[in-house]
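For reference, the chains in residue letters:
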Amino acid sequence: MSASVAVYRSIYTEDHFKQAYGSEDETGGSLRLRERLAGRCRCSRRACLHLLRERVPIFSWLPRYRLKKWILGDTIAGLTVGILHIPQGMAFALLTSVAPIFGLYTSFFPVVLYMLFGTGRHVSTGTFAVVSLMTGSVVEQLVPTPLELNSSTSEAADFEAQRIGVASAVALLSGIIMLCMFGLQLGFLSTYLSEPIVKAFTSAAAFHVTISQLQNMLGLRLPRHTGNFSLFKTLASVMENLPHTNMAELLISLVCLAILVPVKEINMRFRHRLRTPIPVEILTVIIATGVAYASSLDSAYDIQIVGHIPAGFPSPRMPALHTFPDIAGDTVAITFVGYAVSVSLAMIYADKHGYSIHPNQELLAHGISNTVSSLFTCFPSSATLATTNILESAGGHTQLSGLFTSLVVLVVLLLIGPLFYFLPKAVLACINVTSLRQMFLQFQDLPDLWRVSKIDFVVWAVTWLSVVVLNVDLGLAIGVVFSMMTVICRTQRAGCSVLGRASNTEIYRPLENHNKCYEVPGVKILTYNGPIYYGNRSFFREEMSRLLGLTPERIRSREKARKALEKRERETTVNTVERGVTNTLFSSENEFFKSETPETDVQAVLIDCSSVIFVDVAGARLFIQMCIECQKVGVRIYLSNCNESVLKILTSSGLMKYMNPQHIFITVHDAVVYIQQQKEKPPESTTTVWV
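Computed from a predicted model, the values in this text were never measured in an experiment.

**Here we look at the pattern of salt bridges**
Close approach of charged atoms allows side chains of opposite charge to pair.
Turning to step 1, where the next piece is worked out: Counted under the stated rule, the structure contains 14 salt bridges.
Turning to step 2, where the next piece is worked out: Glu140 is the salt-bridge partner of Arg163, the closest N and O atoms lying 3.0 Å from each other. Residue Arg163 is found in helix H9 (residues 154-183), and its partner Glu140 is found in helix H8 (residues 129-142); the two are separated by 23 residues along the sequence. As far as burial versus exposure is concerned, Arg163 and Glu140 are alike and both buried.
Turning to step 3, where the next piece is worked out: We note a salt bridge from Glu629 to Arg541, for which the minimum N-O separation is 2.6 Å. Taken together, the positions of Glu629 in helix H27 (residues 617-632) and Arg541 in helix H25 (residues 537-548) put the pair 88 residues apart, joining distant regions of the chain.
Turning to step 4, where the next piece is worked out: Among the residues examined, Arg541 registers a relative accessible area of 26% and is labelled partly exposed.
Turning to step 5, where the next piece is worked out: One salt-bridge network, in which partners are shared between bridges, spans Glu195, Lys199 and Asp445.

**Observations concerning helix H12 (residues 230-240)**
Residue pairs three or four apart in sequence face the same way in an α-helix, which turns once every 3.6 residues.
Turning to step 1, where the next piece is worked out: Looking only at H12, the buried set comprises Ser230, Leu231, Thr234, Ser237 and Val238. Viewed end-on, H12 has its buried residues packed into an arc of 135°, placing them on one side of the element. Every exposed residue of H12 that faces more than 90 degrees away from the buried side is listed here: Met239 and Glu240.
Turning to step 2, where the next piece is worked out: At its buried positions, H12 is contacted by helix H10 (195-212), helix H11 (214-218) and helix H23 (454-469).

**Structural notes on the side chain of Thr388**
Turning to step 1, where the next piece is worked out: Along the chain, Thr388 falls in helix H18 (residues 385-393).
Turning to step 2, where the next piece is worked out: Within the structure, Thr388 has its side chain in polar contact with the backbone nitrogen of Ser124 (distance 3.2 Å).
Turning to step 3, where the next piece is worked out: Engagement of the side chain of Thr388 in a polar contact is seen with the backbone oxygen of Thr384, the distance being 2.6 Å.

**Some words on a nonpolar patch on the surface**
Turning to step 1, where the next piece is worked out: Together, Ile266, Phe270, Ile278, Leu283, Ile287 and Val291 make up a nonpolar patch on the protein surface, roughly 500 Å² of accessible area in all.
Turning to step 2, where the next piece is worked out: No other element matches helix H14 (residues 280-295), which puts 3 residues into the nonpolar patch.
Turning to step 3, where the next piece is worked out: With respect to the helices, strands and loops of the structure, Leu283 is situated in helix H14.

**A few points about the packing of aromatic side chains**
Turning to step 1, where the next piece is worked out: The full count for this structure, using the stated rule, is 25 aromatic pairs.
Turning to step 2, where the next piece is worked out: A ring pair is formed by Tyr533 and Phe614, whose centres lie 5.9 Å apart and whose planes are at 40°; its orientation type is tilted. Taken together, the positions of Tyr533 in the loop between strand E6 (523-528) and H25 and Phe614 in the loop between strand E7 (604-608) and H27 put the pair 81 residues apart, joining distant regions of the chain.
Turning to step 3, where the next piece is worked out: A residue is classified by how much of its surface remains accessible, and Tyr533, at 10% relative accessible area, is buried.
Turning to step 4, where the next piece is worked out: By relative accessible area, which is 36% here, Phe614 ends up partly exposed.
Turning to step 5, where the next piece is worked out: Feature note: the residues Phe207, Phe440, Phe443, Trp460 and Trp464 constitute an aromatic cluster, connected by ring pairs.
Turning to step 6, where the next piece is worked out: Over the aromatic face of Tyr355 sits the side chain of Arg121, whose NZ or CZ is 4.3 Å from the ring centroid.

**Quick look at the packing of H9 against helix H16 (residues 324-353)**
Turning to step 1, where the next piece is worked out: The interhelical angle for the contact between H9 and H16, taken along N-to-C directions, is 60°, at an axis separation of 8 Å. Put simply, H9 runs oblique to H16. Handedness of the crossing formed by H9 with H16: right-handed. In this structure, H9 uses Val166, Ala169, Val170, Leu172, Leu173, Ser174, Ile177, Met178 and Met181 to contact H16, whose residues at the interface are Phe324, Ile327, Ala328, Thr331, Val332, Ile334, Thr335, Phe336 and Tyr339.
Turning to step 2, where the next piece is worked out: Here the contact of H9 with H16 is composed, by residue class, of 15 nonpolar, 3 polar and no charged.

**Here's the deal with the pairing of strand E8 (residues 636-640)**
Looking down a regular strand, the side chains alternate between one sheet face and the other.
Turning to step 1, where the next piece is worked out: Burial analysis of E8 places 4 of its 5 residues in the buried class, the great majority of the element.
Turning to step 2, where the next piece is worked out: One ladder, built from 5 bridges, connects E7 with E8; its direction is parallel. Bridge assignment links Leu606 to a residue of E8, and that residue is Tyr638.
Turning to step 3, where the next piece is worked out: For the crossover from E7 across H27 to E8, the handedness is right-handed.
Turning to step 4, where the next piece is worked out: Taken together, the 2 bridges between E8 and strand E9 (residues 664-665) define a ladder with parallel strand orientation. Considered in E9, the bridge of Ser640 is made with Phe665.
Turning to step 5, where the next piece is worked out: Taken together, E8, helix H28 (residues 644-652) and E9 constitute a β-α-β crossover, and its handedness is right-handed.

Conventions we followed
Residues numbered from 1 in each chain as written. Predicted model: local features only at pLDDT ≥ 70, side-chain atom pairs only at ≥ 80, totals over all residues. Heavy atoms only, no water. Salt bridge = Lys/Arg side-chain N within 4 Å of Asp/Glu carboxyl O. Helix = DSSP H or I, 4+ residues; strand = E, 2+ residues; numbered from the N terminus. Buried < 20%, exposed > 50% of the residue type's maximum accessible area, 1.4 Å probe, protein only. Arc of directions from axis to C-beta. Contact = heavy atoms within 4.5 Å. Polar contact = N/O pair within 3.5 Å; in protein donor to acceptor, adjacent residues only side chain to side chain. Patch = residues over 30% accessible without salt bridge, like charges linked within 9 Å, V, L, I, M, F, W, Y side chains within 5 Å. Areas by Shrake-Rupley, 256 points an atom, 1.4 Å probe, with all protein chains shown as cover. Phe/Tyr/Trp six-rings, centres within 6.5 Å; stacked < 30°, edge-to-face > 60°. Lys NZ or Arg CZ within 6 Å of the ring centre and 35° of its normal. Axes fitted to C-alpha atoms, helices over the stretch in contact; angles between N-to-C directions. Parallel < 35°, antiparallel > 145°, perpendicular 65-115°, else oblique. Left-handed = near helix turned anticlockwise from the far one by under 90°. Nonpolar A, V, L, I, M, F, W, Y, C, P; charged D, E, K, R; others polar. Pairing = 2+ DSSP bridges. Right-handed = clockwise from strand over helix to strand, strands pointing away.

Okay, structure coming up:
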């Protein structure tokens, strides 16, 4: 037996409903605002502690830390990620076009700072391939590699200092931008990088990373190409110089790939059975360094090695501040990419484990991380895909895992770093390429994306092609602009439908999808599924005119007929008054429906505004114009389901001068019942709604 609903109540216009259920005190909002501002400005011990726990989250979660339950998982996960940071940090330093030691610095300072200020419990920060690639393009533009450079001279040291100066300047400016965004509470801006854009961008950037590492894997000494079509320029340069391939480095690369790829696949397929993933990267680095040292590969076969890695802590150094005007545009793109990827990762794992993150606090955390670490010769950092996934799968519970990660990197910096002197760069290039596995696998999502939303699929394809064909920065900008254009186009071409009523219900649905619903006689009920603003006002007008038949010819003919009718009424009124009889024709609203308008014609138009989320000045003027045109043809306009902002704009624009305020109802059914009662019953009858 199906359940039933019976409702018996009065008809509510917007004014009647506000009188019955609206706020009694109109000044309550301003008073509450003043109270909130006063509360925020009030200084007390409790307020200071709350602000401290909010802005430095470690003071919030550390006192509640469950030592016996979480310490083992955080320790194992932190040590595992720390071991992975060592080879990846040095490898991603190659993408940034700086010495490997600076990758280790970037794997240490941001980790410690994010542990203090970040809200993501399972986020691992440090070097990220895409951010490193974008930073490396800036470095190559400002400090290009000279054709002849002796690595043992002081000139080489100055060259490296210039490069890290530019890279750390990018980190500093990125951190300043994030801190400014935090001050303005602009954490929501990351939402403009939608999921299809982020996935397409990272997938396409993976191709750039792979192509850029071919020269290191083949042992070629080639300049790095930047700008538009850089991927194809690099690929053409590699193909042209294939005869000069260093066979020893090619063999090293093939052996490393033969080890890294299968073991990484094992780690992925058996991640639920393995307590910790096999640290294949660090094992490969250690073995390759030992083989290169024992065989003197650098002198015997002229392979490129990492070289001197200084032991100890880096001394503070100011970045190249004079480069700010040159790097500003690229740094904005790097900032948005790093922040969007970081927040996306944090949200994914927060939803999975049932806690929340704060996007604005993430801006503060990454802003401080980049700003402070830039003073210690670090390049831009962000959350990383691979290490975050490993941190979570290895059993990490809180940000405390970052402490153990940083301890591992610190030991390498202080003691073990110089031992990697003979590490072949080809090994780091292979680690770079194999770390992109997750980004390449994002192609598997395309069939589902096509099935769910073809528009998002097109956004994905346009972003991917733009990044691959042009370059990383311009391709990302094109993807964002194209994505926003699809949103604008969808609002411009929002559907306008005629609603029909389901028999014996108060339910109204579009007739094109519900052929058993029927139109209310004499009433055209229209709904528009989008905002009404300057961008789509012409389309909205065309659709309404088409559905109502408001052609210029019809408006002129009906207006002429109406004026002739009014003239006859005035003459009749004068004649009857002279005879002492009062003519009450059209004295009440319900007599409007008894005019010469045929019963089959539209006598009233009801616009359902439930899907109209906002109206601008141009849209409000269009409403006024439509009211005037409908009055000319003898049709009244009614509104229903207007939200507060839409109703305020319409009222402020002067719509009530052309429309009765009592013709704005809270529901479609209220308006329909009112129109029918005005048509069929005397106006003195009590207006009620039966459902």
